[in-house]
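# Structural overview for review
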2 protein chains.
Amino acid sequence: MASLTGNLGVDYVILFKVPPQERAEAEAAFVQLVQALARVGLSTTVRRGGDTDSLLVFVRAASPDRLARHVRRSRMQDWLHGVRTTGPEADASRALDEEPVTEAERLRIVYQLITQPVNEGGAGVGTSSFAKTVFPLRDQAFNRAWIQKWSKKQFLEQGDIDEIRNKFGESVGLYFAFLRSYSTFIVFPAALGFAAWLLLGQFSYTYALGCGLWSVVFFEYWKKKEVDLAVQWGVRGVSAIEHQRPGFQWEFETEDPITGEPRKVYPYTKRLRTQLLQIPFALASILVLGGLVVFCNSLEIFINEVYDGPFKQYLAFVPTIFLVVLTPTFSSVLMRAATVLTDRENYETIDAYNAALVQKQFVLNFFTSYMALLFTTFVYIPFGETLVPILDIWTRTAQAVASVGGKTLSTQQFHINPQRIASQMFYLTVTAQIVNFATEVIVPYLTHKAVVKAHELHVRGPAPQEQDDADEAEFLKRVREECHLDDYDVTADYREMVMQYGYLALFSVAWPLAGCCFLVNNIVELRSDALKIAISCKRPIPWRADSIGPWLTALGFLSWLGSITSGAIVYLCSHRSQHGPEAAGKSTTTSQLTAWGGLVSIVLAEHLYLLVQLAVRFVMKKMDSPGLQRERRERYLMKRRLLQESMRGVDDEKPSIEGAEATDRVTRETLEEEARKSSIRGQGSVEDIFWQRQRGAQDTIIIGRRLIEQGAAAGEKKPTPSPMAG
Amino acid sequence: MASLTGNLGVDYVILFKVPPQERAEAEAAFVQLVQALARVGLSTTVRRGGDTDSLLVFVRAASPDRLARHVRRSRMQDWLHGVRTTGPEADASRALDEEPVTEAERLRIVYQLITQPVNEGGAGVGTSSFAKTVFPLRDQAFNRAWIQKWSKKQFLEQGDIDEIRNKFGESVGLYFAFLRSYSTFIVFPAALGFAAWLLLGQFSYTYALGCGLWSVVFFEYWKKKEVDLAVQWGVRGVSAIEHQRPGFQWEFETEDPITGEPRKVYPYTKRLRTQLLQIPFALASILVLGGLVVFCNSLEIFINEVYDGPFKQYLAFVPTIFLVVLTPTFSSVLMRAATVLTDRENYETIDAYNAALVQKQFVLNFFTSYMALLFTTFVYIPFGETLVPILDIWTRTAQAVASVGGKTLSTQQFHINPQRIASQMFYLTVTAQIVNFATEVIVPYLTHKAVVKAHELHVRGPAPQEQDDADEAEFLKRVREECHLDDYDVTADYREMVMQYGYLALFSVAWPLAGCCFLVNNIVELRSDALKIAISCKRPIPWRADSIGPWLTALGFLSWLGSITSGAIVYLCSHRSQHGPEAAGKSTTTSQLTAWGGLVSIVLAEHLYLLVQLAVRFVMKKMDSPGLQRERRERYLMKRRLLQESMRGVDDEKPSIEGAEATDRVTRETLEEEARKSSIRGQGSVEDIFWQRQRGAQDTIIIGRRLIEQGAAAGEKKPTPSPMAG
């Protein structure tokens, strides 16, 4: 029974739903499904589902031969699109021996066979309303070993990442590679931050410089590293291969300018018109989320720094509660709007769709994560005085409330407190990470357990496992459980890391310990993400990827913005701290001078950033990356081999002085005679005569020597007759 | 005699010098030269030079066959380096028919044969001290037709540029293509500038915005256009082919990581150490040229705006004369230093050397061209008051001089005059262009005539033309004249255009008519540059190029700087103009407020520029360029052809339901039995049994249907026994 921890050779499971009211249609669809799968060379076997109205269709490649042919075809397609450097090999079996098929490659190819439309050579599963879930089975033995290994290991190696890639595909592999690189790099700001916290305190120029430099280096390093990884994994350029999005609606067909094949088109102008809706969408997001931030922050400022009445310690929690409750509510509404908007933008390819969605999500996340801190940095600290009218509204409201209760309100003088940014930072990073960990790992696990339990209790008729063959019962039980798991979404994991990077780049100068905090978090994160894939999610479809895609743009944007916010925070906060609260609000001139200094320090910081970026890019460009070098070398060697083959026998020149054979020894007379002869015969043009005067190198040498002699003689002022005068 | 306007089939002329004191060595070198040329397949014939101590060695390819083989080899090399998409064709002659050899290609290949080192397959000419000048002969008929055509035509077409490229190579062709694009684009700022001059006056925000936008669009357009041209001319990627620089001194050899061939290396750290000398060099340049500018400008300001004594109208010319005399003197000294520095940096390749030299030249040109205007913009106008101490020095000096002469000096109150920038701009652009035209076309032409005349008078002994054969006399006279012409340097022409672009981008907001002025200049420039190549220079060696190289970086830098200077000029000058001279110097607060406003407008302008650049890049990326599209299409079709050839016969799958053949009709009993049998036989693992229960698609369908029925029955709460219970 040892093989029961394995997957019995199953590549994919299709969960087939049979709604009682559509039984006949479902049955017909089922027959079609099995036949379509058989047509593309996949074996099937069917079992009872977790409840009475579902079936489990197990799928695997019909034969190793058949699979090998598909692998080969897929690799040829890659070569055609420029992903692979090695061209077609006539001997298919040898090619597979040389470069064995990884599990990820097999699963990807089988998945494409199952889901691609029929006209593209697939079985077209996934478009019907009965068979919607197609998922690979988890490899329990591997997962167990993986979690054990990673929980013991202190530092991950490239080999560990390669293992992930071989198992879960390049897309997931790239995420773990990114996380590993990032977690290694973060040691520097963590150490620097700790040192700064000990020795320099907050708002230190040194820390801001170091952290900015670090962000540039990390960003440029990763850009290089991901290219390197893509080359190493043989996926460089896959993002250029376009996978048509299932929901895409086209208006007309044209010929593809590259491949010459028909291509479905949706007019660009129409899409642009929809895309313009992004502007009101962004404005609405700013308004809603920004309004919330201003509301809650001003209320909080009022309670903490102006209000001095009863229940102050309890009232202080009110704005936080508002923020905690309302932010997810609003942002989930906006996120749904973003999805609807992206759907309506009707992108042709999956990649374009995802990029557009990620972009909108990033904007929303940016607002929800950083708005409060940005408000503090750019409004509260430099222009705190302008908040007085808003605070007055609160004061009057509170006084009104108090007077209803027949009491008077005690308030205190409003002071701008630069520490506010640090405490916000602390709240946002530490608590957010704990909440994140809980929602990512613990909650899904418990929910899953509860769902399975509920399902078991809820099922009508005899439980399906009672009817299973004893040999298979345990296996089928496991499969039925996996059906209820969530899909793994790598985007969410990227988002978390990119947002963290943003906190570090933008605001860590206010609380230098953030780096340490993130370092600890990421060490856990690497393991908890592994745990998530191993335990609380379906096994992901092993998609390929050659870049972290839109997140790269996000990282670059955050790095740049980081230079600006750091510059502002360092100047403004240290200024405020030095001059103390009494300096603030003294006169408009002081305020203007503060703004002037702030602007200068922002401009300096930004340009220093851009300059350093140029320099780092220049240096990085000089350093050849091993992956690219290998790629170029392979290309070169392949071409040289081809060249040598095709040139063989064509280019065997004699090393003799061909075309310049030594003629008989010439004298002036014979040469001149011949020239005259040919001109008399009328055969020689001026050109022929010009060249025939000296036929071959030997003649040229003789005449040249004579001319040199004559020149020497002339130089000694003894003119001699020309050897060539007619 | 019609063929005498032609070149008698001569590809190159080598001017061979025979210094009287080294006659024997020269003779030996001459013999070697002719033999070396014969060895690589070149015919030679020798004639008397322009004076007694020189010979003219005429060179051409020995035979069309031999040339065809060299062409083919060169094209294969291109393919190997990724420049060409079409691979090796076995049939060499057919390939040359399909893609005929242009004159530029032939001349390039012959030049490389003549000059490349012997170990790289060339004759190694050009390294000896006797044969230094190797040049192609001008095509007089073509040149005459060219000048006539261009002088009549109003607008040049792409065909005209292609003609240049076929005749003079891609390097020169690209320059004319750039000049054509630039001259076409400049119509926009010219029209806008004229309108602004009429309607808005100087320092207009509208003009600054329009001009900035224009510079972004032009820069991005040209980046795309040059790639397009390179693809169209089949030279994309040639800049990556490295031509070893003759003067390169290597320290050790390593293996090239790409080609695996030995490669000569000069340690990078050593070069870096030399490169660090660029810092003192740049500082010295700033000091010398900046000092000159401050000196002359302050003197001029003093004379024009403070001094009010006698001879004012004459004295006003003094600083200009200083500037005109000293700037070229200083900058030629610095230019020589730049060349020495670049030599000592010991670059491996010609391209790297040229790029490094161009970079230094650009820096020097930048200082000499713009320093005065930058001084006015960023020192004189915003902080004019700080100049008072310097002006006082002049006042005191003048008073001292005056008191020696026994007179008193009359001065007037110092006012900051924003018009100063416009008049400087006028002086620098209009006069500079007239001077440029003169030095470029007229002076060299006259010099050349004078040199030839002097030479004729100076020559000792009988004039060589008296000894020539009558048929050849005219031809040889022409060749001897061409020997004395200057080399054509495309870099100087680029420099002129880039500097002009700089004036437009940086300062034209102060004098909007600059665009019109440049438009007129460029219409002349296109023709005068043609004239220069046709009349006053040697025919250029037809080098290839796929980009305007370091000038592109220069253009980008100037566009960016333009956004800053324009923002500053518009704010500061319009501010000064509005508030009038009396506002200036009132209080430090006003000055600080001016500085604050200036800084804000600079920051806004710069970020607007960067934002627009991002947007334009995004849009440009969306627009597919025809050249790149063609390249991709070619690559794709070539690969598909190869693929189809190699896949033929391998991939002929039967469309049958292979691996899923319909088995005999199964009943529950037979299936179960077989499973049991194989398990009893001990042959079947759990996996085998799992899959063998349903053998083939037909079985799956039958069982699936039965399960659906049962599920429906269970849904109606009528439990039936399982069909598979053991």
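Located above this text is the structure these notes cover.
A quick note: this is a predicted structure, and the numbers were derived from the prediction, not measured.

### Here we look at the side chain of S74(B)
Residues and elements named next belong to chain B. Along the polypeptide, S74 turns up in helix α2 (residues 64-80). Look at S74 and you get buried, because its relative accessible area is 14%. Residues within four places of S74 in sequence aside, it is in contact with R108 and I109.

### Overview of unusual backbone geometry
Non-glycine residue L8(A) carries a positive phi angle of around 55°. Assignment of secondary structure puts L8(A) in the segment before β1 (12-17). Classification of L8(A) as buried rests on a relative accessible area of 3%. The phi dihedral of N346(B) is positive, around 55°, even though this residue is not glycine. With respect to the helices and strands, N346(B) occurs in the loop between α12 (317-344) and α13 (350-380).

### Observations regarding helix α17 (residues 470-483) of chain B
Over its 14 residues, α17(B) runs 21 Å from end to end, which matches the ideal 20 Å to within 8%, given 1.5 Å per residue. Taken together, the buried positions of α17(B) are E472(B), F475(B), L476(B), R478(B), V479(B), R480(B), E482(B) and C483(B).

### Some details on the sheet that holds strand β3 (residues 54-61) of chain A
The strands making up a sheet associate through backbone hydrogen bonding, with each pair oriented either parallel or antiparallel. Residue and element names in this part refer to chain A. Strands sit in the order β2-β3-β1-β4 across an open sheet of 4 strands; the sheet is antiparallel. Lying at the two open borders of the sheet, with one neighbouring strand each, are β2 (42-48) and β4 (131-136). Neighbour-to-neighbour, the strand axes of this sheet turn through a mean angle of 25°, independent of strand direction. Strand direction decides the pairing type here: β1 and β3, joined by 6 bridges, are antiparallel. Within β3, the position partnered with K17 by the bridge is S54.

### Some points on the nonpolar core
In terms of nonpolar packing, the biggest core is built from 107 residues, with W146(B), F176(B), Y370(B), F507(B) and I548(B) touching the most fellow members. Among the elements that line this core, the one with the most residues is helix α20 (residues 550-583) of chain B, at 13 residues. What Y370(B) contacts, discounting residues up to four positions off in sequence, is V498(B), M499(B), G502(B), Y503(B), L506(B), F507(B) and L558(B). One finds W150(A), F366(A), A372(A) and L555(A) within the second-largest nonpolar core, a separate group that totals 106 residues.

Thresholds applied
- Residues numbered from 1 in each chain as written.
- Chains lettered and ligands numbered in written order.
- Predicted model: local features only at pLDDT ≥ 70, side-chain atom pairs only at ≥ 80, totals over all residues.
- Heavy atoms only, no water.
- Helix = DSSP H or I, 4+ residues; strand = E, 2+ residues; numbered from the N terminus.
- Buried < 20%, exposed > 50% of the residue type's maximum accessible area, 1.4 Å probe, protein only.
- Contact = heavy atoms within 4.5 Å.
- Expected span 1.5 Å × (residues − 1).
- Pairing = 2+ DSSP bridges.
- Axes fitted to C-alpha atoms, helices over the stretch in contact; angles between N-to-C directions.
- Core = buried A, V, L, I, M, F, W, Y, C linked by side-chain atoms within 4.5 Å.

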